[in-house]
Amino acid sequence: MYSAKSVRNWLLALPLALPLGAAALALPALVPGEAQAAFCSNDGGRFNEWKQAIKAEYSGQFKASTLAKIDGLQYSTAVIKLDRNQKSFKLSFPEFYKRRATGVASGARKRIQQYKKYFDKAEQQFGVPPEIIAAIWGLESAFGTYKGKSFPILQSIATLSYDCRRTDLFSREFRAALEVIDRGYADLSKAQGAWAGEIGQTQFLPSSFLIGATDFDGGGVNVFSSPADVIGSTAKWFARNGWQRGGDYHEGAANYGVIQRWNKAGVYQKTIAKLADEIRG
Ligand SMILES: [Ca+2]
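Rules of the game
Residues numbered from 1 in each chain as written. Predicted model: local features only at pLDDT ≥ 70, side-chain atom pairs only at ≥ 80, totals over all residues. Helix = DSSP H or I, 4+ residues; strand = E, 2+ residues; numbered from the N terminus. Buried ≥ 20, exposed ≤ 12 C-beta atoms within 10 Å, placed from the backbone. Contact = placed C-beta atoms within 7 Å. pLDDT = per-residue confidence, 0-100. Axes fitted to C-alpha atoms, helices over the stretch in contact; angles between N-to-C directions. Left-handed = near helix turned anticlockwise from the far one by under 90°. Nonpolar A, V, L, I, M, F, W, Y, C, P; charged D, E, K, R; others polar. Expected span 1.5 Å × (residues − 1). Parallel < 35°, antiparallel > 145°, perpendicular 65-115°, else oblique.

**Things to note about the overall build of the chain**
Next, step 1: Helix and strand counts for the chain come out as 15 helices and 2 strands.
Next, step 2: For the chain, buried positions account for 47% of its 281 residues.
Next, step 3: Relative to all contacts within the chain whose residues are 6 or more apart in sequence, the contacts with residues 24 or more apart total 70%.

**Side note on unusual backbone geometry**
Next, step 1: For Phe 143, which is not glycine, the phi torsion reads 60 degrees and is therefore positive.
Next, step 2: Inspection of the secondary structure assignment puts Phe 143 in the loop between helix 9 (130-141) and strand 1 (151-152).

**Comments concerning the environment of Trp 237**
Next, step 1: Position of Trp 237 among the secondary structure elements: in helix 13 (residues 227-240).
Next, step 2: Classification of Trp 237 as buried rests on a count of 28 C-beta atoms within 10 Å.
Next, step 3: Expressed as a C-alpha distance, the spacing of Trp 237 and Val 128, which sit 109 residues apart in the sequence, is 9.8 Å.

**Points about the confidence of the model for the chain**
Next, step 1: Looking at the chain as a whole, the pLDDT averages 89, with 86% of positions reaching at least 70.
Next, step 2: Note on residues 1-33: pLDDT under 50 across the span, and 60 contacts to partners over four residues away in sequence or across chains.

**Quick word on the packing of helix 9 against helix 15 (residues 266-280)**
Next, step 1: One way to put it is that helix 9 packs onto helix 15 with a least axis distance of 8 Å and a crossing angle of 115 degrees. Relative to helix 15, helix 9 is oriented so that their crossing is right-handed. Contacts from Glu 131, Ile 132, Ala 134, Ala 135, Ile 136 and Leu 139 in helix 9 reach Thr 271, Ile 272, Leu 275, Ala 276, Ile 279 and Arg 280 in helix 15.
Next, step 2: Tallied by class, the residues present in the contact of helix 9 with helix 15 amount to 9 nonpolar, 1 polar and 2 charged.

**Digging into helix 10 (residues 153-162)**
Next, step 1: Within helix 10, 10 of the 10 residues are buried, leaving the element largely enclosed by the surrounding structure.
Next, step 2: Taken together, the buried positions of helix 10 are Ile 153, Leu 154, Gln 155, Ser 156, Ile 157, Ala 158, Thr 159, Leu 160, Ser 161 and Tyr 162.
Next, step 3: In this fold, the buried residues of helix 10 make contact with helix 3 (47-58), helix 5 (77-84), strand 1, helix 11 (167-182), strand 2 (192-193) and helix 12 (206-212).

**Describing the environment of Gly 212**
Next, step 1: Counting through the fold element by element, Gly 212 comes out in helix 12.
Next, step 2: Judged by the 27 C-beta atoms lying within 10 Å of it, Gly 212 is buried.
Next, step 3: In this structure the C-alpha to C-alpha distance between Gly 212 and Lys 236, which are 24 residues apart in sequence, comes to 5.0 Å.
Next, step 4: Excluding its chain neighbours within four sequence positions, the residues that come into contact with Gly 212 are Phe 204, Ser 233, Thr 234, Lys 236 and Trp 237.

**Description of helix 9**
Next, step 1: Taking 1.5 Å as the rise per residue, helix 9 with 12 residues should run 16 Å; its terminal C-alpha atoms sit 16 Å apart, in good agreement.
Next, step 2: Extensive coverage of helix 9 is indicated by the burial of 12 of its 12 residues.
Next, step 3: Here helix 9 has its buried residues at Pro 130, Glu 131, Ile 132, Ile 133, Ala 134, Ala 135, Ile 136, Trp 137, Gly 138, Leu 139, Glu 140 and Ser 141.
Next, step 4: Where helix 9 terminates, the next one or two residues include Ala 142, which has phi positive at roughly 50 degrees.

**What about the packing of helix 9 against helix 13?**
Next, step 1: Helix 13 packs onto helix 9 with a crossing angle of 110 degrees between their chain directions and a minimal axis gap of 10 Å. Between helix 9 and helix 13, the interaxial angle falls into the category roughly perpendicular. With respect to the hand of their crossing, helix 9 and helix 13 are arranged in right-handed fashion. Across the interface between the two elements, Ile 132, Ile 133, Ile 136 and Trp 137 of helix 9 pack against Val 230, Ile 231, Thr 234, Ala 235 and Phe 238 of helix 13.
Next, step 2: Partitioned by chemical class, the residues of the contact of helix 9 with helix 13 number 8 nonpolar, 1 polar and no charged.

**A few points about the environment of Ser 41**
Next, step 1: Examined against the element boundaries, Ser 41 turns out to sit in the loop between helix 2 (14-17) and helix 3.
Next, step 2: Note on Ser 41: 15 C-beta atoms within 10 Å, which makes it partly exposed.
Next, step 3: Remark: the alpha-carbon pair of Ser 41 and Asp 163, spanning 122 residues in sequence, is separated by 5.2 Å.
Next, step 4: Once residues lying within four places of it in the same chain are set aside, the contact partners of Ser 41 are Arg 46, Tyr 162 and Cys 164.

Pasting the structure below:
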């Protein structure tokens, strides 16, 4: 089990470990004509102008009610500050594993038992074993128990799209976020996530959420509060990215390549495979 303190310490490492948020490499190929950045700027002075440009660009592509969400967005200096303050990530794998994975396996085994019905369904439907899903769920949010500082998702993504540092990546994600809203999955202008706009308990970027979104317990897809949907959606993301049922997932194996698409940090990839072994016991 996590003490409040260990969860806090654990998450302090998160911005170092996940500079783009989880699933940052899961972006689909850019479709020509889609998500062209209006323009970018490194201060908030032209943000209202940017909002109008974006609305004009997407006019007719989304519902008016979806595009109206753009009106209320504000440039977030807090998000930009967090983005600028990232430090290069230099921990060795053993140090990283100790910091991030200590205690996670026992919590994972508990969830696998508690939500056996959904883990079984995920394995049956998508071929992804429980220990992989549970490892990611534990690493990303301590199984949804972590309640840290959070930010309105659409606002974070809009700010990072407008900002020049990663405008291409986040322009694609902004378009995906509008699609999440347009399709009625969640109102991302209100829903909260970590500072880089991640969605739900396994920290999907919007484009990854659209790939994984699965309703495992009825009532629509809710990866913020439904463990069933978190399990199903994460499993589907892996299946859609080429996971091979019953295949090895250690370094060098095809399934390890799918783990590498989930997160670009090498130590994080190794941690998922090792933690899965530890969970399986
Ligand atoms: Ca559901």
